[in-house]
Amino acid sequence: MSLKDILVEADNDGDAIQRIHAAGRLAEAHGAHMTALFAEPNLDLIPMYAEATHSPEVLDAQYRAAKEAARRAKGNLRNGAGGIFDA
């Protein structure tokens, strides 16, 4: 069986780099296309009840934390790909 497409999760857990590296090597071995996915929450669509119960400072901190998580996930993708793929 030949693999054509591989989808790998790019996140911030401890195994992310190893998982991305393994998926990249598998894609390379099969001539497959690898796609990395990072699901970033859309914090611009915060429900009104959250705005009513959380201060603007808390909401801003959550937004900054989500952006930092995305930045770290992109770093994990670059490190895990090991120069095989452009990230």
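It should be noted that the structure appears before, not after, this text.
Every chain begins its residue count from 1, and numbering advances along the sequence as written. Since the coordinates come from a predicted model, pLDDT governs what is reported: local features require at least 70, and pairs of side-chain atoms require 80 or more to be given and counted, while whole-chain, interface and lining totals use all residues. Hydrogens are left out, water is left out, and the side-chain values use all remaining heavy atoms of the structure.

S.K.: In this structure, what is going on with the pairing of strand S1 (residues 5–9)? I would like to understand it.
M.R.: A regular strand places its side chains so that they alternate between the two faces of the sheet. The buried label applies to any residue whose accessible area, calculated with a 1.4 Å probe on protein chains only, is under 20% of its type's maximum; exposed applies above 50%, and partly exposed to all values in between. Helix and strand assignments come from DSSP, with helices taken as H or I runs of at least 4 residues and strands as E runs of at least 2, each series counted from the N terminus. On S1, burial follows the alternation: Ile6 and Val8 on one face are buried, whereas Asp5, Leu7 and Glu9 on the facing-out side are not. Pairing geometry for S1 and strand S2 (residues 33–37), over 5 bridges, is parallel. Residue Glu9 lies in a different strand from S2, and its bridge partner there is Leu37. Crossover handedness for the path S1 to helix H1 (residues 16–30) to S2: right-handed. A pair of strands counts as paired when DSSP detects no fewer than two bridges linking them. Looking down the strands as they point away from you, a crossover is right-handed if its path from the first strand over the helix to the second goes clockwise.

S.K.: What's the story with the nonpolar core in this structure? I'm lost.
M.R.: Across soluble globular proteins, nonpolar side chains have a tendency to be buried as a group. Residues grouped as a nonpolar core are buried Ala, Val, Leu, Ile, Met, Phe, Trp, Tyr and Cys residues, joined through side-chain atoms within 4.5 Å. Counting residues in each nonpolar core, the largest one holds 9 residues, listed as Ile6, Val8, Ala10, Ile20, Ala23, Ala27, Ala32, Met34 and Leu77. Those elements giving two or more residues to this core turn out to be S1 and H1. Counting residues per element, this core draws most heavily on H1, which supplies 3 residues.

S.K.: Before we go on, may I ask you to explain the side chain of Asp11 in this structure?
M.R.: With respect to the element layout, Asp11 can be found in the loop between S1 and H1. On the accessibility criterion, Asp11 (13% relative accessible area) is buried. Pairs of N or O atoms within 3.5 Å make up the polar contacts considered here, provided that, within protein, one atom can donate a hydrogen while the other can accept it, and that residues adjacent in sequence are counted only when both atoms are side-chain atoms. Polar contacts involving the side chain of Asp11 include one to the main-chain amide nitrogen of Asp13, which spans 3.3 Å. Reaching out from Asp11, the side chain makes a polar contact with the side chain of Arg19 at a distance of 2.7 Å. Each residue touching Asp11, except ones within four places of it in the same chain, is listed here: Ala16, Arg19, Phe38, Ala73 and Asn76. Whether two residues are in contact is decided by their heavy atoms: any pair within 4.5 Å suffices.

S.K.: Quick question: what am I supposed to make of H1 here?
M.R.: Since the α-helix advances by 3.6 residues per turn, residues separated by three or four positions end up pointing in the same direction. Expected helix span is taken as 1.5 Å per residue step, with the number of steps being one fewer than the number of residues. Given a rise of 1.5 Å per residue, 15 residues ought to cover 21 Å, and the 21 Å separating the end C-alpha atoms of H1 matches this to within 8%. Among all positions of H1, only Ala16, Ile20, Ala23, Gly24 and Ala27 are buried. Buried residues of H1 fall within an arc of 100 degrees about the axis and therefore sit on the same side. Note on H1: the residue one or two positions beyond its end, Gly31, has a positive phi of about 65 degrees. Our arc is simply the arc of the directions from the helix axis toward the C-beta atoms.

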